[in-house]
Amino acid sequence: FSFTDRIKGESKLSLKTQLDYLRHLWKLYDFKYRNWFKFLSFCLVGFSGMIIDTAVVVAFVEIFATDPRVAAVFAFMAAVTWNFKLNRNWTFPDAESSRNVLLRYISFVLISLVGLSIRISVMHLLLRDTMMGQGRGYILASIIGIFMATLFNFREVDTSSSPGSGCNPSGT
């Protein structure tokens, strides 16, 4: 084979074709490694939510001089709403869809509240017992708390998203 620059015509390998190929690869790997891909998708959604969460925490602490643990509650509401929408459309798109979106959202928030309590507990211990209570260490304490709550939240959301379960926060 000898490859040369194209002289006539246009390539059929458009950006759309390349993106379609990547989507297809994602679906194939998702099929073969379903649980790992669900967890990866859940973590990517959570990471984007953590960015939103952290921005809200920093804004409340720096602008309104709010205690970081209190700021975490406000940040939680912004991030949980963001995460609900993305998880519903991306991580668990094939979840059973017999319940309305408001009930799913309420279920998602209730499950996530346990994760919030884990997070705030971890934050409290880190802020009280380490140097993270000084300066902007609260940001790291918040992020560590979020990571500690992630495993619990995934397990609960994944379990509740299974067809036939009573709580299906992520389905459409």
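Residues numbered from 1 in each chain as written. Predicted model: local features only at pLDDT ≥ 70, side-chain atom pairs only at ≥ 80, totals over all residues. Heavy atoms only, no water.

Draft legend 1. Molecular detail of the confidence of the model for the chain. Confidence in the prediction of the chain, expressed as mean pLDDT, is 84, and 88% of residues score 70 or more. Taken as a whole, residues 163-172 scores under 50 in pLDDT and shows 42 contacts with residues more than four places along the chain or in a different chain. (pLDDT = per-residue confidence, 0-100. Contact = heavy atoms within 4.5 Å.)

Draft legend 2. Main features of the packing of helix α3 (residues 68-91) against helix α4 (residues 101-129). Two numbers describe how α3 lies on α4: the axes approach to 9 Å, and their chain directions differ by 140 degrees. Between α3 and α4, the interaxial angle falls into the category oblique. Regarding α3 and α4, the two cross each other, and that crossing is right-handed. Split into classes, the residues belonging to the contact of α3 with α4 amount to 16 nonpolar, five polar and four charged. (Axes fitted to C-alpha atoms, helices over the stretch in contact; angles between N-to-C directions. Helix = DSSP H or I, 4+ residues; strand = E, 2+ residues; numbered from the N terminus. Parallel < 35°, antiparallel > 145°, perpendicular 65-115°, else oblique. Left-handed = near helix turned anticlockwise from the far one by under 90°. Nonpolar A, V, L, I, M, F, W, Y, C, P; charged D, E, K, R; others polar.)

Draft legend 3. The arrangement of the environment of S121 in detail. Residue position: S121 is located in helix α4. Take S121: its relative accessible area is 43%, and that puts it in the partly exposed class. (Buried < 20%, exposed > 50% of the residue type's maximum accessible area, 1.4 Å probe, protein only.)

Draft legend 4. How the structure looks around the nonpolar core. Core analysis: the biggest nonpolar cluster contains 13 residues, and V57, V61, L126, L127, Y138 and A141 have the highest contact counts within it. Taken together, the elements giving at least two residues each to this core come down to α2 (34-64), α3, α4 and α5 (137-160). With four residues, α4 is the largest single contributor of residues to this core. Sequence-distant contacts of V61, that is, excluding residues within four places in its chain, are made with T66, D67, P68, A71 and Y138. Core analysis: the next-biggest nonpolar cluster, separate from the first, contains six residues, V80, F84, V109 and L116 among them. (Core = buried A, V, L, I, M, F, W, Y, C linked by side-chain atoms within 4.5 Å.)

Draft legend 5. Region of the structure containing unusual backbone geometry. Of note in this structure, A65 is not a glycine but carries a positive phi near 50 degrees. Its location among the elements puts A65 in the loop between α2 and α3.

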